[in-house]
Amino acid sequence: MAVQELTDVTLPSSKPIVLAGGTGDLGGRIATALGRRRVAFRALVRPGTSAALRAGLEAAGATLVEVDYDDGAALRDACGGAACVVSALNGLEPVMIGMQGKLLDAAVAAGVPRFIPSDFSLDFTKTRPGDNRNMDVRRAFMARIDHAPIKATSVLNGAFADLLTGQAPIVLQKQHRILYWGSADQPLDFTAKDDVADYVADVALDAASPRFLRIAGATVSPRQLADIMTDLTKQTFRLFRPGGIGLLGVLIGVARTLTPRSDEVFPAWQGMQYLRDMASGRGKLAPLDNDRYGKKKWTSARDVLASAA
Ligand SMILES: NC(=O)c1ccc[n+]([C@@H]2O[C@H](COP(=O)([O-])OP(=O)(O)OC[C@H]3O[C@@H](n4cnc5c(N)ncnc54)[C@H](OP(=O)(O)O)[C@@H]3O)[C@@H](O)[C@H]2O)c1
């Protein structure tokens, strides 16, 4: 969407946006979306970032700022004069609380008015503490940012729809099954990464954005996924229910016990915790803010699955 098309929201200032995590998957897409809007933005890159990643960000329109996150003064200077800091960092506590916390401190010290934390998830404001390790980390950062003198906006988008074609154990292509827990009619929220990035670029420019914005490019139940796959492949996809949410909880416990401690951000049991929050409906996004910036085209579950069918 062109900047001129913004209607309901405050028009963007000429101050630049600062993007952290632009070398990552979602961050790179946010850079592209900001570049499409011809917005001035700085991408923070760590020393040692490859020439290819730097070139990609520059091609998107970013001004690169190389910065060591442990150098508070340099990080503050990198944020200086910005309208908003967007974080697309990814990791466990050391990154999401530690490094993102340093970024927050720097933004506050530089007098930046707004911060978008790297949340991009299901609705962790409604799920149960202790049920989902990565949501607990977000909740901890929320407690921190909500006490900081800066305006925060979290974008909650459900699961990345792109995961439906493989990584998420839901559509079992070879077995022609849709794996689900609990109810086959539970609506599940998904948003394609590019749609999330596109929306985040609008949020970064919106000085009036609220504390939370909830989006879902596609909301589909397991039963609807089975219908979509049957239609796309002309082969019958059946529903496969190993059990209810309670059994899934038991299996998560077993998987955690059997998995040696590691630094993995998304081990299998974490994915299972994510599925539990979706299948139970606790992480469901409502009401949705899809229309806030007038974005018309959202990638559907069918679009995503058609690309892999
Ligand atoms: N809802 C979903 O289904 C879903 C799925 C996947 C991800 N996500 C979320 O989307 C967000 C971005 O994830 P992603 O997959 O795009 O991540 P990614 O590709 O792994 O990129 C991570 C970014 O974080 C930076 N980073 C990591 N450790 C750092 C550190 N110690 N100091 C400074 N920067 C550091 C990386 O910089 P370097 O290049 O310098 O290492 C990179 O730019 C995260 O909040 C993630 O949880 C959501």
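The rules we used
- Residues numbered from 1 in each chain as written.
- Predicted model: local features only at pLDDT ≥ 70, side-chain atom pairs only at ≥ 80, totals over all residues.
- Heavy atoms only, no water.
- Pairing = 2+ DSSP bridges.
- Helix = DSSP H or I, 4+ residues; strand = E, 2+ residues; numbered from the N terminus.
- Contact = heavy atoms within 4.5 Å.
- Axes fitted to C-alpha atoms, helices over the stretch in contact; angles between N-to-C directions.
- Parallel < 35°, antiparallel > 145°, perpendicular 65-115°, else oblique.
- Left-handed = near helix turned anticlockwise from the far one by under 90°.
- Nonpolar A, V, L, I, M, F, W, Y, C, P; charged D, E, K, R; others polar.

Colleague: Honestly, the sheet that holds strand S14 (residues 238–243) in this entry has me stumped. Any pointers?
Modeller: One key point about sheets: their strands pair by backbone hydrogen bonds, in either a parallel or an antiparallel sense. Spatial ordering of the open sheet is given by S9-S10-S14, a layout of three strands whose pairing is mixed. Strands at the two margins of the open sheet, each flanked by one partner only, are strand S9 (171–172) and S14. With four bridges connecting them, strand S10 (residues 177–181) and S14 associate as parallel partners. Bridged to Leu 179 within S14 is Phe 240. Taken strand by strand, helix H7 (residues 222–233) contacts S9, S10 and S14, and its axis lies near 175° from that of S10.

Colleague: What should I look at first to understand the packing of helix H1 (residues 25–36) against helix H6 (residues 193–204) in this one?
Modeller: The geometry of a pair of packed helices is captured by two quantities: the angle between their axes and the separation between those axes. Look at H1 against H6: their axes get within 8 Å of each other, and the N-to-C directions meet at 50°. As far as their axial angle goes, H6 and H1 are oblique. By crossing handedness, the relation of H1 to H6 is classed as right-handed. Contacts between H1 and H6 involve Asp 25, Leu 26, Arg 29, Ile 30, Ala 33, Leu 34 and Arg 36 on the former and, on the latter, Lys 193, Asp 194, Val 196, Ala 197, Asp 198, Val 200 and Ala 201. Of the residues assigned to the contact of H1 with H6, the class counts are eight nonpolar, no polar and six charged.

Colleague: How do you make sense of the sheet that holds strand S11 (residues 188–191) when you look at a structure like this?
Modeller: The three strands lie next to each other as S8-S11-S13, forming an open sheet whose pairing is mixed. Pairing within the sheet leaves two strands with one partner each, and these edge strands are strand S8 (159–160) and strand S13 (218–220). For S11 and S13, the ladder comprises three bridges, and the chain directions are antiparallel. Of the residues in S13, the one forming a bridge with Phe 190 is Ala 218.

By themselves, these are just geometric observations and shouldn't be taken as functional.
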